[in-house]
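Overview (structure and organization)
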Amino acid sequence: MTGGFDRLLTASEFERFDEVLKSQVDVDHAVGEPARVPEMAGSSEPLNVTQHQERIWLAQKQDAALTLRHALAYKLGGIPDIARLTRAVDTLVGALPELTMRYRFSDDGELLKYPAEESGETLEIVNVDCRQEAVSLILARQQASWVSESEPPFKVLVIFCLDEVILTLLIHRIVEEMCSPEDILRNLARAYGRKPLAAPSLNDAVELEFDTHGIAPLAWLRREDVSPETAVVDFSVPFSEPASNDRLARRYGAVIETGLSRQPQDPVPDVYSQLASIGVRFAQFLCRLGGHERIEAVFPARPEDRLGDHSVAFAYKDTVKVVISHDMDLQDAEARILARMKAFADTGTPANDANSAVDLPKVSVRWLTDPQQFFDVPTVTLDRVPLPTPELRSDFELGVGLDAEGRTVLELVTGQKVSRHAGSLVLDLFTGALQNGISQEDTGDFPSNTLPSFSGKAFSEEPATTPGDGRRSDIAAVQSAILLEFREALATPDLKPDDDFFDFGGHSLVATRIIGRLLHNHGIEVRFNDLFGNPTASALAHHARIVEGAKKADVNGSDEIDTGHTDAAVAPLALAQMSLWKIYSALGYNEIFNLPFALDFLDTVDETVFGEAFLDLMKRHSGLRTLFFKDEDGQVLQRVVPVAELGNYKWFWTSEESADTDRSAEAGYCFDLSKELPVRLRFLRDPETGRQMLSFLFQHLALDEWSVNLLMDELVEAYRARAAGSAPVWSGKPAPFLDFARKQVLEGVNGEHLAYWTDMLCDAPRELVLFSEEPAPAEQPGSETVAGGWVEMRLDKEISEGLYAIAKENSASLFNVVYAAISAALQRLGGLTDLVIGTSASGRTDPDYFDTIGYFTTVVAHRVRFGGEPTVGKLIGNIKDMINGSMLYTDIPIDLVETALGMTCERDHLFDVFIQIHAQNKLNGSLPKPDGGRTAFRQVDPDKHDSHLGLQFEVMEEVIDGDRSIRVLMSYQSRRYSPQQVDAIQATVMDTFSRFSQPGVSARPLSELKQA
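Just so you know, these numbers come straight off a predicted model, no measurement behind them. (Residues numbered from 1 in each chain as written. Predicted model: local features only at pLDDT ≥ 70, side-chain atom pairs only at ≥ 80, totals over all residues. Heavy atoms only, no water.)

Turning to the packing of aromatic side chains, a few remarks are in order. Within this structure, the stated rule accounts for 33 aromatic pairs. Pairing Phe-614 with Trp-651 gives two aromatic rings, centres 5.9 Å apart and planes at 45°, and the pair type is tilted. Note that Phe-614 is positioned in helix H14 (residues 607–620) and Trp-651 in the loop between strand S23 (636–640) and strand S24 (652–653), a separation of 37 residues in sequence. Through a chain of ring-to-ring contacts, three or more aromatic side chains come together here, namely Phe-597, Phe-601, Phe-610, Phe-614, Trp-651, Phe-652, Phe-683, Phe-696, Phe-698, Tyr-719 and Phe-937. (Phe/Tyr/Trp six-rings, centres within 6.5 Å; stacked < 30°, edge-to-face > 60°. Helix = DSSP H or I, 4+ residues; strand = E, 2+ residues; numbered from the N terminus.)

Put into structure tokens, the structure is as follows:
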């Protein structure tokens, strides 16, 4: 048997598969073995290498990291017989010994190639969980070092991926003279059909060339310094390669209706005409886009004789080169190309333009031939799987083909020297220009008004597309809008277009705000993964879209939302509020949902000015002056207290008024929300330092963490104004929270959003088991240890910075990385295959309410599966995609999901682990003084309370005076975990954080992260 089946088959499956193989052997004996290729079989003596093979071998030896393997991947359709396919591979490599040659020096110091004694190691059958993992596996095998003395230059991968099978050919360039990919595919089909194999034709391969520094077609998209990049933009599958790997040439695709077809009088096949028509237009497109007079376009002389999936590797001299000028008549240019192709067909030699020169920018145009033309097996079909490639590629290579419906398929490969965002931008602009140009009555010229004009590296101020057509418009204007929102959200007015969003304090909550404001204020749509993968304004602009009909506000945010309701309006609770209320009422309306923030002022603060400033916020945000009550029918309602009645409520105390008050007692104050405002601000004196402290107590029904950050930003401005003796001037009026609540209740529960969660969680495990033994009961039932406790984990700066680095490497947030690390730690402890984790989501899916103070936050549950052999990078990527992908559906609170699944919310829970991040909150900062100084304040950790879940992790991401740090507070229930088990959890989590912070960890399998 030819390959490694251990990753795919169990012992019993292996026996059955082996029986099938034996039956295939019996069939082969019955019908006769496929004929071997006589010219290539039967020799066991070492052979001389060709000059081309020697150059390839030397280049590989000099640079082991250089990728000289070519990969072709196809999805198998029809009725493929895998056992028969494995026999066909054995037959193929047995008949074509070039595919299994080993290369080494003889005793005389001469490089020779030696026929392999056995054809093993040429076939590998593996099982993966998804297409993404399949592509990652192919790239890993393609980039693996080639040991020429012991490894064959050819390998076949058969990958079982859910409901599809992917056939991959990995072919080293050292065989490109002797065995072309087309010949290999043809002979594999013949071996599969038990037909005699054909001797492969010798090929005149082009010289080995690795220089990609020629004149760039689009110099402004060139990167002179190839630094580590983020994830590759996918062609058609959910693939993203490790962010640290920047050696990939990227591939992008589009399917369009061109209307270009062969005329009856055309003397050449439709393929030739189609290729010439598209190729000329692309060359002129690059001329105009790059400001060139001329460009050299390289075409295949016989387009359908080649697969068209390779250019540098397995590139042969059957090409024609034509110089295209930016103003050349299209019909003349097409005629010139077709004439060169015909000349080659007649003479067999290239007939290139006399003015073809090395000092012109170049572009390659290929025909994507249907692989079925080379794999002639009636019962099996091949569909190309487009791949990025680590092989060195020139800046732009365009593939042209037809799909099953006759539409034009375009594939653009961008080389390693080109900006990682260039492909999608260039292909998008070209398809638009192509379709607009073809719609013109005058097809003799490619209309210049379909292209944006350029000056240097920036888009012109004139939009490239008509407003509202849903395509990318003026990149410069989009970049400016994004930069404006970045600067405002990050409070960094000098942020530059190439500055990284995450390096300046960005996180998922800020990202949500920016995405909403871009849509609301500018009509620009940005997806979460696009922002995470392209965290600079300049990069993100290439992924943004102008949305037709989007509401656009004034850029300065001064528009007011006229609600039509009075200040004293009454409304039902919003869904998230109602979720809290159910628990709040079930527990006797106690202090469970108090938010006991506290601030320690390092310098003296004017308490009177502070009170005036916060009163300004109370007037501005009606959610801070809301009462909650039940009406006669038992419906829970909320009512806004008019500003004129605020004097009837006590909510602010100075330190003189609080002389006998304890901060802990204040934190545990039990609100009567039907009579009291949900806010209590009380200044205290720290008995140890004598400094002023502020008990900043809120009832959770009134606001969430997002709201707290909004409050702190506005509090600084209000204090500045009041300290100067004036009232603050606001740029706009936020929408009242009651409008949101009323609107949400009126619309009802979104059934599609609810189904998203129930589909995900319907068969999820309901119990978390980390340890086989039960914890011993506490000796003192009345002690605090019965309820639970907490431990604090402070991460060293080296570990913290390592986690930030891996987050950036994987285009992820710190929360994604910490979430992944905690998940991996729990998986290590319990040997888990499936884990449900609760977390909080902003719940703000409507940009109209991004500046509103209120409670929008929902608790949601995500499901983490640990199947196969995932790497750390893949786990982080999966969690990022899972969380970002669920953002749209976070308007559904967890209690509605539990009810829909038939659970009792007060008794049953979908998760027993909760992870929450407090990302760079604004409770560490300073207030301005009238003399220009600052009064610094720091957050004081609240007293720890019992955990209501088995395990709860609160991640504190803090930035103080520019220094960032990470702490994790873990609370637990003693009835679930003994002290020894808590110690084990803490140690494993800390060890996993440490391992996740190490360089290169993204590529490591999780199974390697064992306890030291």
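Our focus in this paragraph is the sheet that holds strand S10 (residues 294–300). Strand order in the open sheet formed by six strands is S9-S15-S14-S12-S10-S11, and the pairing between neighbours is mixed. The sheet is open, and its two edges are formed by strand S9 (250–256) and strand S11 (319–325), each paired on a single side. On average, adjacent strands in this sheet sit at an angle of 20° to one another, irrespective of strand direction. Of the strands in this sheet, S10, S11, strand S12 (362–367), strand S14 (396–402) and strand S15 (408–414) touch helix H6 (residues 270–290), which is tilted by about 155° from S10. (Pairing = 2+ DSSP bridges. Axes fitted to C-alpha atoms, helices over the stretch in contact; angles between N-to-C directions. Contact = heavy atoms within 4.5 Å.)

It is worth spelling out the confidence of the model for the protein chain at this point. On average, residues of the protein chain carry a pLDDT of 79, and 80% of them reach 70 or more. Below a pLDDT of 50 lies the segment residues 225–245, which in the model reaches 56 contacts outside its immediate sequence neighbourhood of four places, other chains included. Every residue in residues 438–473 scores below 50 in pLDDT, and together they form 69 contacts with partners more than four places removed in sequence or on other chains. (pLDDT = per-residue confidence, 0-100.)

A few words on the sheet that holds strand S2 (residues 47–48). Strand order in the open sheet formed by three strands is S2-S5-S4, with antiparallel pairing between adjacent strands. In this open sheet, the two strands that pair with only one neighbour each are S2 and strand S4 (102–105). Inspection of the sheet shows S2 paired to strand S5 (residues 111–114) by two bridges, in the antiparallel sense. In the strand pairing of S5, Leu-47 is matched with Lys-113.

What follows deals with the packing of helix H21 (residues 814–830) against helix H24 (residues 979–996). Viewed as axis vectors pointing N to C, H21 and H24 meet at an angle of 130°, and their least axial separation amounts to 9 Å. As summarised for this structure, H21 and H24 are arranged oblique, according to the angle between their axes. H21 and H24 meet at a crossing whose hand is right-handed. Of the residues in H24, those in contact with Val-817, Val-818, Ala-820, Ala-821, Ile-822, Ala-824, Ala-825, Arg-828 and Leu-829 of H21 are Ala-984, Ile-985, Thr-988, Val-989, Asp-991, Thr-992, Phe-993, Arg-995 and Phe-996. Tallied by class, the residues present in the contact of H21 with H24 amount to 13 nonpolar, two polar and three charged. (Parallel < 35°, antiparallel > 145°, perpendicular 65-115°, else oblique. Left-handed = near helix turned anticlockwise from the far one by under 90°. Nonpolar A, V, L, I, M, F, W, Y, C, P; charged D, E, K, R; others polar.)

Okay, a negative patch on the surface next. Taken together, the side chains of Glu-54, Asp-107, Asp-108 and Glu-110 present a region of like negative charge at the surface. Looking at the secondary structure, you find Glu-110 in the loop between S4 and S5. In this structure Glu-110 comes out as partly exposed when scored by relative accessible area, which is 40%. (Patch = residues over 30% accessible without salt bridge, like charges linked within 9 Å, V, L, I, M, F, W, Y side chains within 5 Å. Areas by Shrake-Rupley, 256 points an atom, 1.4 Å probe, with all protein chains shown as cover. Salt bridge = Lys/Arg side-chain N within 4 Å of Asp/Glu carboxyl O. Lys, Arg positive; Asp, Glu negative; His and termini not counted. Charge placed at Lys NZ, Arg CZ, Asp CG, Glu CD. Buried < 20%, exposed > 50% of the residue type's maximum accessible area, 1.4 Å probe, protein only.)

What follows concerns the side chain of Glu-607. Position of Glu-607 among the secondary structure elements: in helix H14. If we skip the residues at most four places from it in the chain, Glu-607 touches Phe-652, Thr-654, Ser-655, Phe-683 and Gln-692.

Phe-282, Ile-324, Leu-951, Phe-953, Phe-993 and Phe-996 are the most contacted members of the largest nonpolar core, which totals 126 residues. Counting residues per element, this core draws most heavily on H6, which supplies twelve residues. Excluding residues that lie within four positions of it along the chain, Phe-953 makes contacts with Met-793, Ile-822, Val-913, Phe-914, Ile-915, Gln-916, Val-968, Leu-969, Met-970, Ile-985 and Val-989. Counting residues in each nonpolar core, the second largest holds 48 residues, with Tyr-74, Val-165, Cys-179 and Ala-189 among its members. (Core = buried A, V, L, I, M, F, W, Y, C linked by side-chain atoms within 4.5 Å.)

Considering the arrangement of structural elements, one finds Gln-916 in strand S30 (residues 913–919). When neighbours within four sequence positions are excluded, Gln-916 is seen to be in contact with Glu-705, Phe-815, Thr-839, Ser-840, Phe-953, Glu-954 and Val-955.

With 18 residues, H24 should reach 26 Å at 1.5 Å per residue; the first-to-last C-alpha distance of 26 Å fits that figure. Each element contacted by the buried residues of H24 is listed here: strand S27 (789–794), helix H20 (797–809), H21, helix H22 (872–886), strand S33 (951–960) and strand S34 (963–972). (Expected span 1.5 Å × (residues − 1).)

To continue, consider the environment of Glu-666. Tracing the chain through its elements places Glu-666 in helix H15 (residues 663–667). Overall, the relative accessible area of 4% leaves Glu-666 in the buried class. Taking the C-alpha atoms as reference points, Glu-666 and Leu-681, separated by 15 residues in sequence, lie 9.8 Å from one another. If we ignore the near neighbours within four places in the chain, the residues touching Glu-666 are Thr-661, Arg-680, Arg-682, Ser-695 and Leu-697. Among the polar contacts listed, one links the side chain of Glu-666 to the side chain of Arg-680, at a separation of 2.8 Å. (Polar contact = N/O pair within 3.5 Å; in protein donor to acceptor, adjacent residues only side chain to side chain.)

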